[in-house]
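# Structural overview for review
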Amino acid sequence: MKKILFIGILISILSTGCSGFNNTLNAQAAESTEITGKSAQKFAAVITESVLKTRLYMIASDEFEGRATGEPGQKMAAEYLKNFYIEKNIASPLGENNYFQTISKEHLYRNIKPSENVVAFIEGSEKPDEIVVISAHYDHLGIDADGEIYNGADDDGSGTVAVMSIAEAFQKAVEEGNGPKRSILFLHVTGEEKGLLGSKYYVNYPIFPLENTVADLNIDMIGRTDDAHQNNPNYIYLIGSDKLSTELHNLSEEMNDKFTKLNLDYKYDLDSDPNRFYYRSDHYSFAKNNIPVIFYFNGTHENYHRISDTPDKINYELLAKRAQLVFYTAWEIANRENRIKVDK
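This text gives an overview of the structure that appears in the document. Everything numeric here is computed off the predicted structure, so don't read it as measured data. (Residues numbered from 1 in each chain as written. Predicted model: local features only at pLDDT ≥ 70, side-chain atom pairs only at ≥ 80, totals over all residues. Heavy atoms only, no water.)

### Here we look at the layout of surface pockets
When its volume is computed, the second largest pocket comes out at roughly 170 Å³. As for the second largest pocket, its lining consists of 13 residues, and the residues nearest its centre are Asp155, Glu192, Asp220, Arg280 and Tyr304. Looking at the lining of the second largest pocket residue by residue, the classes come out as five nonpolar, three polar and five charged. (1 Å grid on protein atoms, 1.4 Å probe; cavity = no way out; pocket = protein on both sides within 12 Å on 5 of 7 lines; lining within 4 Å. Points joined across faces, edges and corners; volume = space filled by probe spheres on them. Nonpolar A, V, L, I, M, F, W, Y, C, P; charged D, E, K, R; others polar.)

### What to know about the packing of aromatic side chains
According to the stated counting rule, one finds 22 aromatic pairs in the structure shown. Look at Phe121 and Phe208: their rings are 4.9 Å apart centre to centre, the planes differ by 25°, and that puts the pair in the stacked class. Of this pair, Phe121 sits in strand S2 (residues 115-122) while Phe208 sits in the loop between helix H6 (197-204) and strand S7 (213-219), placing them 87 residues apart in sequence. Taken together through their ring pairs, the aromatic side chains of Phe43, Phe170, Phe259, Phe327, Tyr328 and Trp331 make up a single cluster. A cation sits over an aromatic face here: Lys243 above Tyr278, 5.3 Å from the ring centre. (Phe/Tyr/Trp six-rings, centres within 6.5 Å; stacked < 30°, edge-to-face > 60°. Helix = DSSP H or I, 4+ residues; strand = E, 2+ residues; numbered from the N terminus. Lys NZ or Arg CZ within 6 Å of the ring centre and 35° of its normal.)

### Considerations on the packing of helix H4 (residues 72-87) against helix H5 (residues 153-175)
Here H4 crosses H5 at 10°, and the two axes come no closer than 11 Å. Judged by the inter-axis angle, H4 sits roughly parallel to H5. Across the interface between the two elements, Tyr80, Leu81, Phe84 and Tyr85 from H4 touch Thr160, Val163, Met164, Ala167 and Glu168 from H5. Along the lines of polarity and charge, the residues of the contact of H4 with H5 split into seven nonpolar, one polar and one charged. (Axes fitted to C-alpha atoms, helices over the stretch in contact; angles between N-to-C directions. Parallel < 35°, antiparallel > 145°, perpendicular 65-115°, else oblique. Contact = heavy atoms within 4.5 Å.)

### Quick look at unusual backbone geometry
The peptide bond linking Asp155 to Asp156 adopts the cis configuration, its omega dihedral lying at -10°. If you trace the backbone, Asp156 turns up in helix H5. One non-glycine residue, Glu65, lies in positive phi territory at about 50°. Topologically, Glu65 is positioned in the loop between helix H3 (49-59) and H4. Of the residues examined, Glu65 reaches a relative accessible area of 32% and is grouped as partly exposed. A positive phi angle is found at Glu96, which is not glycine, with a value near 50°. Secondary-structure assignment places Glu96 in the loop between H4 and strand S1 (100-103). (Buried < 20%, exposed > 50% of the residue type's maximum accessible area, 1.4 Å probe, protein only.)

### Points about the nonpolar core
Generally speaking, soluble globular proteins have nonpolar side chains that are buried together. Ranked by internal contacts, the top residues of the largest apolar core, which has 66 residues, are Tyr85, Ile134, Phe170, Phe186, Tyr296 and Phe327. Considering every element that reaches this core, the biggest residue donor is helix H9 (residues 316-335), with 13 residues. Setting aside residues no more than four positions away along its own chain, Phe327 makes contact with Ala40, Phe43, Ala44, Ile47, Ile166, Ala169 and Phe170. (Core = buried A, V, L, I, M, F, W, Y, C linked by side-chain atoms within 4.5 Å.)

### Some details on the sheet that holds strand S9 (residues 263-265)
Ordered in space as S1-S2-S6-S3-S7-S10-S8-S9, the eight strands form an open sheet in which the pairing is mixed. The sheet is open, and its two borders are formed by S1 and S9, each paired with just one other strand. Along the sheet, successive strands turn relative to each other by an average axial angle of 25°, direction set aside. One ladder, built from three bridges, connects strand S8 (residues 235-239) with strand S10 (residues 293-297); its direction is antiparallel. (Pairing = 2+ DSSP bridges.)

### Topic: H4
In this model, H4 (16 residues) spans 22 Å end to end at C-alpha, consistent with the 22 Å of a helix rising 1.5 Å per residue. Buried positions along H4 lie against H3, S1, S2, H5 and strand S6 (182-189). Immediately downstream of H4, the backbone of Asn89 shows phi near 60°, a positive value. (Expected span 1.5 Å × (residues − 1).)

### Quick word on the pattern of salt bridges
As enumerated under the stated definition, the model contains 14 salt bridges in all. With a shortest N-O distance of 2.3 Å, Glu34 and Lys258 are connected by a salt bridge. Here Glu34, found in the loop between helix H1 (2-33) and helix H2 (38-44), pairs with Lys258, found in helix H7 (residues 246-260); they are 224 residues apart in sequence, far enough to count as distant. By relative accessible area, which is 30% here, Glu34 ends up partly exposed. For Lys42, the salt bridge is made with Glu176, and the minimal N-O distance between the two is 2.5 Å. With Lys42 in helix H2 and Glu176 in the loop between H5 and S6, the pair connects residues that are 134 residues apart, well separated along the chain. Given the relative accessible area of 37%, Glu176 is considered partly exposed. Through salt bridges that share partners, Glu247, Glu254, Glu332 and Arg336 make up one connected network. (Salt bridge = Lys/Arg side-chain N within 4 Å of Asp/Glu carboxyl O.)

### Notes on the environment of Ile166
Among the structural elements, Ile166 can be located in helix H5. For Ile166 and Tyr328, which are 162 residues apart along the polypeptide, the C-alpha to C-alpha distance reads 9.5 Å.

Next up, the structure:
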């Protein structure tokens, strides 16, 4: 009887142990097949309020004189971006320390001096020829006739520093052996305020073939709150996510539901929107070429295109959260087995 009892207890222990072992294996398998999970959260944590604030106070400083296209302040901002990528050991797709895609005067409007897009690049580990673009314009309105500087903190200093921090997060992943499967191009375009000139130039003279470009995630003004959301600032407008790819739209919502939990507002995505924001930022240069896009936008506010658009008015907690949403979305696009489909 004692012998039988002992055997029964032994079987029970072994059964429990095997069950626990199997549960562990199942959990590990689930984690290994999950594309955007704990590892992505670890690298998203690189995108912080304090770092964004430090960088934005530089980009939107008087030193850069409002960053008018082709003017000395814009050139200084370009050098600042170049030096950042060199410091972070993030390569240029043009080779060595050449981070500028130069735009000659013939490709700009009259009276605009030559300018440059700033480009940086992380090569994919498995699908290097497929390119995910993360873009923002770094130019602004410059100095007015009275010598007043348009600092452009929200427009689009916020997007500029978001791209910088997203690039830093991906580079951290590379350094820890967890880089993206697809390549990522960090594209700081010039001339947006003059008519999307930098992004138009890029798609006309692409560094990588447009047919290899998977998507463009474009960030233009994500540091403030508009009047409609004063009582609920935990939001972001998404524009264009469903225009060309159902899969991109669904992927975007999944990443937000899982991680950032912002209220995604599609008000300006409607074809009936009288503001026509879909056509007014740099993602549109890609969309015209049948490349899926998402435009991240906080809406306009009382300081839009005024000298009062300064870095002291930015909500840095919200800026970080919105930038992390772009990071998670880019991570998922870059690491899925199959390229997202254009179905519209």
